[in-house]
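Summary of the model geometry
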Amino acid sequence: MPDTHHPAALRLLFVEDNEYLRETLAAMLEEDGREVRACATAEEALEAFGQQAFDVVISDVSLPGMSGIDLARRLLASRPALWIILSSGYALDKGLHTLGPNVRSLPKPFELDDMDGLLAEIRAAL
């Protein structure tokens with residue numbers, strides 16, 4: 001008997017202020033059947049988070065206004081088990097563990113395979 005169980009698409013909230021990167025990476029992330037909502041700012045992401053359920057938040061650290069780290073803190077305050085991937089051109093590992101067990105970092109520039117591997121690891125843990 002064929003396996004008719006198809007897991008629901010992984011729902012991603014992707015926050016990146018660089019328009020080209022946001023559009024390009026969002027399209028690439030959708031290719032694996034994931035649902036992606038892309039935002040330019042942390043404030044926009046907070047609004048989206050209040051309207052819809054997400055499995056993973058992927059955020060640049062350096063954003064205009066609220067930083068990606070502050071966004072992570074705000075989201076984790078309401079949903080401590082949320083998976084978050086923070087991406088930056090700067091070293092992030094120091095102190096990252098203080099945000100929680102489901103927070104990961106991915107240094108920029110990253111290969112899409114690295115992001116896919118991290119998302120597969122998170123999907124397996126959900």
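A few points on the structure.

How each quantity is defined
Residues numbered from 1 in each chain as written. Predicted model: local features only at pLDDT ≥ 70, side-chain atom pairs only at ≥ 80, totals over all residues. Heavy atoms only, no water. Phe/Tyr/Trp six-rings, centres within 6.5 Å; stacked < 30°, edge-to-face > 60°. Buried < 20%, exposed > 50% of the residue type's maximum accessible area, 1.4 Å probe, protein only. Helix = DSSP H or I, 4+ residues; strand = E, 2+ residues; numbered from the N terminus. Arc of directions from axis to C-beta. Pairing = 2+ DSSP bridges. Axes fitted to C-alpha atoms, helices over the stretch in contact; angles between N-to-C directions.

**Looking at the packing of aromatic side chains**
All chains considered together, the criterion is met by one aromatic pair. Aromatic side chains Phe 49 and Phe 54 sit 6.5 Å apart centroid to centroid with 15° between the ring planes, which places their arrangement in the stacked category.

**Things to note about helix H2 (residues 42-51)**
Inspection of H2 places Ala 42, Ala 45, Ala 48 and Phe 49 among the buried residues, and these make up the whole buried set. Take H2 and look down its axis: the buried residues cluster within an arc of 115°, on one side only. Away from its buried face, by an angle of more than 90 degrees, H2 presents the exposed residues Glu 47, Gly 50 and Gln 51.

**Observations regarding the sheet that holds strand S2 (residues 35-39)**
Within the open sheet, the five strands sit side by side as S2-S1-S3-S4-S5. Their pairing is parallel. Edge positions in the sheet fall to S2 and strand S5 (103-107), since each has one partner strand and no second. The average angle at which neighbouring strand axes cross in this sheet is 20°, direction not considered. Two elements, strand S3 (residues 56-60) and strand S4 (residues 83-88), share five bridges in a ladder whose sense is parallel.

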